[in-house]
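A structural walkthrough
Single-letter residue listing:
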Amino acid sequence: MANKIQKTNKSDLEKLFLSNEQDLTPQLNKEIFKRFFSIISHHIKSKQSIELRNFGSFKIKKMPSRIGSNPLNSEKIYIPEKFKLSFKVSKKILEKINE
């Protein structure tokens with residue numbers, strides 16, 4: 001039987017981060033955690049790629065506008081350009097996952 005995959009959300013990560021860091025005050029730890037995610041969010045909103053060595057990279061791709069069709073009635077519709085966010089996990093993390 002395969003291992004059950006568990007989900008972890010931001011507040012779970014924050015609790016783990018705070019419980020493992022003993023050198024700083026809880027308030028300072030919380031601020032560092034918040035700023036880390038704020039910086040990542042800012043770069044993504046600014047359409048900048050982010051590379052976190054030995055973890056992975058976030059890339060922004062511009063998807064061009066195109067003509068699509070409505071699957072209900074085959075009517076042609078215009079789909080405007082948009083940006084897509086992708087994440088590519090590092091080889092080291094993939095190796096750890098598959099150990």
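Residues numbered from 1 in each chain as written. Predicted model: local features only at pLDDT ≥ 70, side-chain atom pairs only at ≥ 80, totals over all residues. Heavy atoms only, no water.

Remarks on the overall build of the protein
Per the secondary structure count, the protein includes three helices and five strands. Ordered by position in the sequence, the α and β elements of the protein form the string α-α-β-β-β-β-β-α. Over its C-alpha atoms the protein spans a radius of gyration of 20 Å, topping by over 25% the 13 Å that the globule rule assigns to 99 residues. The principal-axis extent of the C-alpha atoms belonging to the protein is close to 60 × 40 × 25 Å. Per-residue burial over the protein gives 10% buried out of 99 residues. Accessible surface computed for the protein: about 9200 Å², of which carbon and sulfur atoms make up 55%. Across the protein, the 21 positively charged side chains and the 10 negatively charged ones have centroids separated by 8 Å. (Helix = DSSP H or I, 4+ residues; strand = E, 2+ residues; numbered from the N terminus. Rg over C-alpha atoms; globule rule 2.2 N^0.38 Å. Buried < 20%, exposed > 50% of the residue type's maximum accessible area, 1.4 Å probe, protein only. Areas by Shrake-Rupley, 256 points an atom, 1.4 Å probe, with all protein chains shown as cover. Lys, Arg positive; Asp, Glu negative; His and termini not counted. Charge placed at Lys NZ, Arg CZ, Asp CG, Glu CD.)

A look at the pattern of salt bridges
Evaluated as defined, the whole model comprises three salt bridges. Put simply, Glu31 and Arg35 hold a salt bridge, and the shortest N to O gap is 2.9 Å. Of the two residues, Glu31 and Arg35 both sit in helix α2 (residues 26–45), four residues apart, roughly one turn of that helix. Note on Glu31: relative accessible area 31%, which makes it partly exposed. On the accessibility criterion, Arg35 (53% relative accessible area) is exposed. A salt bridge links Glu81 to Lys62, with the shortest nitrogen-to-oxygen separation between them at 3.6 Å. One end of the pair, Glu81, is in the loop between β4 (76–79) and β5 (82–89); the other, Lys62, is in strand β2 (residues 56–63), with 19 residues separating them in the sequence. (Salt bridge = Lys/Arg side-chain N within 4 Å of Asp/Glu carboxyl O.)

Thoughts on the environment of Leu13
In this fold, Leu13 is placed in helix α1 (residues 10–20). Taking the C-alpha atoms as reference points, Leu13 and Phe33, separated by 20 residues in sequence, lie 9.1 Å from one another. With near-sequence residues (within four places) excluded, Leu13 lies in contact with Thr8, Phe33 and Phe37. (Contact = heavy atoms within 4.5 Å.)

Comments concerning the pairing of β4
Relative to β4, strand β3 (residues 66–69) runs antiparallel, the two sharing four bridges. Bridge pairing links Ser69 to Lys76 in β4. Counting the residues that bridge the hairpin from β3 to β4 gives six residues, and of these Ser74 lies at a positive phi of roughly 60°. (Pairing = 2+ DSSP bridges.)

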